Amino acid sequence: MDSGQSTSLWWERPDLRYEKKHLTFDDSLLEPLARSMGTPLFIYSSRRIRHNLERLHTALGKTGTLFSLFYAMKANRFQPLLTFIKSTGLCGIDACSPEEVFLARACGFQPESISFTATSLSSQDLDLILRHDSLIINCDSISMIRKIGERCPGREIGIRLNPAMGVGYGEVDLLRYSGDRTTKFGIYREQFDEAVDTARAYGLPITRIHFHTGCGYLTSQLETWSRIITTCLDMAKALPQLQTVNLGGGLGLPHTPHDKPLDLEAWASVIHSHFSGTGIRVELEPGDFIVKDSGILLLEVNMVEKKQDRIFVGVNGGFNLAMEPAFYSLPCEPLPCSLSVDKDLAFTSENMTPVTIAGNINEALDIWAENHLLPPMAEGDILALINAGGYASAMSSNHCLRGAFREMILVG
Ligand SMILES: Cc1ncc(COP(=O)(O)O)c(C=O)c1O
């Protein structure tokens, strides 16, 4: 760690660290950005986004597997960020609604580099997506296969499978898209023959299978992930025209000091073990892995007060701006943007106090973190929430009419 200081905090990395007493991200001091742009403010680093895309290319490239990457734009659709991603040339787009397809095209992505996988589609949705001739389409249900067959007989399709197994961050069941609980996603083994018969009836060649079984998996779940691939490939044996397997997204990143980062070499070697020498092209559609640690949310402290046995630090943004901590219990890491003493002293147990960090929404679940150790905070200070680049602004709401925020991307 190139921080010039002796101890390093678990989340620190060369582009996110304290420089003297100030938090810096991608060579920019965060507090002055908050003061000039105002808060709540999301800041994204284009360099980190490129770095994450390159890490995936490097890991997969070493395996010799044929592969394509699609960025899952549901994670973050800030248009300057999408345009930057397009300019890297390192991936296409995974879209999950007609409007996402239109936005991807507006940002320069051609239909053949947009992969569409969605759920509960209406006839009108299908009419809209089928306007884009070479769009890659994965069908999530038999109903969708039939509707495509009625509109475009003979069109190539992919089918999304549900292997009834899943992987996701920690024990969070809602982050598993298939598993013990029956979910709406994809075609189950029991439905598989009917799906194939429906496609055959309309002359739709099934050239791709797709599965995305959860979000946030780390190294310890790679064994299960490998078994999921085996199960899906077994289902796909009945597809003579299979050319491509889309392994979804779901690659996770650490949220606490106890989480180890996903070992990309081990991950890529799972892919290699299944696909080497098969001639099958592998597709991946990560969202979080590309943008989550490329974004920070800056909020201003507007209240510090002891209530009964707890010290509350109130900030000017709530769960409606970044809902994962409240909805999925995903741990978040609030940090002061400026310290009153050097970092080595600031983060000692003598200097820190456990606090509850609360948002400004009138809901009991509007808590960012509880029992979180922080150096002393005062009204007017700026707090940074790291790992806010994915599923935060994109899922924000205007609850309590507090949905306003700004976004900016650092382009270095
Ligand atoms: C079909 C599909 N693909 C990709 C993703 C991206 O997942 P992640 O951001 O965890 O990589 C999702 C997320 O919900 C999804 O539903």
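Remember, it's a predicted structure, so these values are computed and weren't measured experimentally.

Calculation notes
- Residues numbered from 1 in each chain as written.
- Predicted model: local features only at pLDDT ≥ 70, side-chain atom pairs only at ≥ 80, totals over all residues.
- Helix = DSSP H or I, 4+ residues; strand = E, 2+ residues; numbered from the N terminus.
- Rg over C-alpha atoms; globule rule 2.2 N^0.38 Å.
- Buried ≥ 20, exposed ≤ 12 C-beta atoms within 10 Å, placed from the backbone.
- Contact = placed C-beta atoms within 7 Å.
- Domains from an automatic or database assignment.
- Nonpolar A, V, L, I, M, F, W, Y, C, P; charged D, E, K, R; others polar.
- Near = placed C-beta within 6 Å.
- Pairing = 2+ DSSP bridges.
- pLDDT = per-residue confidence, 0-100.
- Right-handed = clockwise from strand over helix to strand, strands pointing away.
- Core = buried A, V, L, I, M, F, W, Y, C linked by C-beta atoms within 7 Å.
- Expected span 1.5 Å × (residues − 1).
- Arc of directions from axis to C-beta.
- Axes fitted to C-alpha atoms, helices over the stretch in contact; angles between N-to-C directions.
- Parallel < 35°, antiparallel > 145°, perpendicular 65-115°, else oblique.
- Left-handed = near helix turned anticlockwise from the far one by under 90°.

1. As for the overall build of the protein chain
Turning to step 1, where the next piece is worked out: Along the protein chain, the regular secondary structure elements total 12 helices and 20 strands.
Turning to step 2, where the next piece is worked out: Relative to its length of 412 residues, the protein chain is compact, with a C-alpha radius of gyration of 23 Å against a globular reference of 22 Å.
Turning to step 3, where the next piece is worked out: Each principal axis of the C-alpha distribution contributes one length, and for the protein chain these read about 70 × 45 × 40 Å.
Turning to step 4, where the next piece is worked out: Burial status across the protein chain gives 42% buried among its 412 residues.
Turning to step 5, where the next piece is worked out: Considering only contacts within the protein chain whose residues lie at least 6 apart along the sequence, 71% involve residues at least 24 apart.

2. A closer look at the domain arrangement of the protein chain
Turning to step 1, where the next piece is worked out: Split into domains, the protein chain comes out as domain 1 (16–45 + 292–410) and domain 2 (47–291).
Turning to step 2, where the next piece is worked out: If you average the C-alpha positions of domain 1 and of domain 2, the two centres end up 32 Å apart.
Turning to step 3, where the next piece is worked out: Listed as interface residues are 19 residues of domain 1 and, on the opposing side, 22 residues of domain 2.
Turning to step 4, where the next piece is worked out: Elements with a minimum of two residues in the side of domain 1 that touches domain 2: β4 (41–45) and β20 (406–410).
Turning to step 5, where the next piece is worked out: In the side of domain 1 that touches domain 2, the residues fall into 7 nonpolar, 8 polar and 4 charged.

3. As for the site of the ligand
Turning to step 1, where the next piece is worked out: Among the 16 residues in the neighbourhood of the ligand, the closest are listed as Ala 72, Cys 215, Gly 249, Gly 287 and Asp 288.
Turning to step 2, where the next piece is worked out: Residue composition of the shell around the ligand, grouped by class: 6 nonpolar, 6 polar and 4 charged.

4. Here's the deal with the pairing of strand β14 (residues 295–307)
Side-chain direction in a regular strand flips from residue to residue, so the side chains alternate between the two faces of the sheet.
Turning to step 1, where the next piece is worked out: The pairing of β4 with β14 spans 4 bridges and is classified as antiparallel. When the bridges of β14 are listed, Ile 43 appears paired with Ile 296.
Turning to step 2, where the next piece is worked out: Pairing geometry for β14 and strand β19 (residues 382–385), over 4 bridges, is antiparallel. Across the sheet, residue Leu 297 finds its bridge partner in β19, namely Leu 385.
Turning to step 3, where the next piece is worked out: Two successive antiparallel strands, β14 and strand β15 (residues 310–315), enclose a turn made up of 2 residues, where Gln 308 displays a positive phi of approximately 50 degrees.

5. Concerning the sheet that holds strand β3 (residues 28–29)
Turning to step 1, where the next piece is worked out: Ordered by their spatial adjacency, 3 strands build an open sheet running β1-β2-β3, and the pairing between neighbours is antiparallel. Strands at the two margins of the open sheet, each flanked by one partner only, are β1 (16–19) and β3.
Turning to step 2, where the next piece is worked out: One ladder, built from 2 bridges, connects strand β2 (residues 22–25) with β3; its direction is antiparallel. Across the sheet, residue Phe 25 finds its bridge partner in β3, namely Ser 28.

6. Examining the confidence of the model for the protein chain
Turning to step 1, where the next piece is worked out: Residue-level pLDDT values for the protein chain average 96, and 99% of them are 70 or greater.
Turning to step 2, where the next piece is worked out: Every residue in residues 1–5 is under pLDDT 50, and counting partners more than four places away or in other chains gives 10 contacts.

7. Things to note about the pairing of strand β6 (residues 92–95)
Turning to step 1, where the next piece is worked out: Across 3 bridges, strand β5 (residues 67–72) lies against β6 in parallel orientation. Counterpart to Tyr 71 in the pairing with β6 is Ile 93.
Turning to step 2, where the next piece is worked out: In this fold, the crossover linking β5 to β6 by way of helix α3 (residues 79–88) has right-handed handedness.
Turning to step 3, where the next piece is worked out: As defined by bridge partners, β6 adjoins strand β7 (residues 114–117) across 3 bridges and the pair is classed as parallel. The residue of β7 that forms the bridge with Ala 95 is Phe 116.
Turning to step 4, where the next piece is worked out: Each parallel crossover has a hand, and for β6 linked through helix α4 (residues 98–106) to β7 it is right-handed.

8. Focus: the nonpolar core
In globular proteins that are soluble, nonpolar side chains generally tend to be buried together.
Turning to step 1, where the next piece is worked out: Counting residues in hydrophobic clusters, the biggest one holds 104 residues, and the most contacted among them are Leu 30, Ile 296, Leu 297, Leu 298, Ala 384 and Leu 385.
Turning to step 2, where the next piece is worked out: When residues are assigned to domains, this core turns out to be shared by domain 1 (16–45 + 292–410) and domain 2 (47–291), each giving three or more.
Turning to step 3, where the next piece is worked out: Dropping the residues within four chain positions of it, Leu 298 is found in contact with Leu 30, Ala 34, Thr 39, Pro 40, Leu 41, Ile 43, Cys 337, Ile 382 and Ala 384.

9. Regarding the environment of Arg 310
Turning to step 1, where the next piece is worked out: Tracing the sequence through the fold places Arg 310 in strand β15.
Turning to step 2, where the next piece is worked out: Taking C-alpha positions, Arg 310 is 7.0 Å from Thr 356, a pair spaced 46 residues apart along the chain.

10. With respect to helix α7 (residues 189–201)
Turning to step 1, where the next piece is worked out: Compared with an ideal rise of 1.5 Å per residue, which puts 13 residues at 18 Å, α7 spans 19 Å between its outermost C-alpha atoms and is within 8% of the ideal.
Turning to step 2, where the next piece is worked out: Among all positions of α7, only Ala 195, Thr 198 and Ala 199 are buried. Taken around the axis of α7, the buried residues stretch over an arc of 95 degrees, which confines them to a single face. Along α7, exposed side chains directed more than 90 degrees from the buried face belong to Glu 190, Asp 193, Glu 194, Asp 197 and Ala 201.
Turning to step 3, where the next piece is worked out: Its buried side turned inward, α7 meets α6 (142–151), β9 (157–162), β10 (187–188) and β11 (206–210).

11. Considering unusual backbone geometry
Turning to step 1, where the next piece is worked out: The omega angle of the peptide bond from Thr 39 to Pro 40 is -5 degrees, so this bond is cis rather than trans.
Turning to step 2, where the next piece is worked out: Residue placement: Pro 40 occurs in the loop between α1 (30–37) and β4.
Turning to step 3, where the next piece is worked out: The phi torsion at Ser 120 lies on the positive side, around 50 degrees, for a residue other than glycine.
Turning to step 4, where the next piece is worked out: Mapped onto the elements, Ser 120 comes out in the loop between β7 and α5 (123–129).
Turning to step 5, where the next piece is worked out: We classify Ser 120 as exposed; it has 10 C-beta atoms within 10 Å.
Turning to step 6, where the next piece is worked out: Positive phi values are uncommon outside glycine, yet Asn 371 reaches one of about 55 degrees.
Turning to step 7, where the next piece is worked out: Note that Asn 371 resides in strand β18 (residues 367–374).

12. Details of the packing of helix α8 (residues 222–235) against helix α9 (residues 264–275)
Turning to step 1, where the next piece is worked out: In the contact formed by α8 and α9, the axes pass within 10 Å of each other and the chain directions differ by 20 degrees. Considered as vectors, α8 and α9 are oriented roughly parallel to each other. Of the two possible hands of crossing, α8 and α9 adopt the one that is right-handed. Residue-level inspection shows Leu 222, Trp 225, Ser 226, Ile 229 and Leu 233 of α8 in contact with α9, the latter providing Ala 266, Trp 267, Val 270 and His 274.

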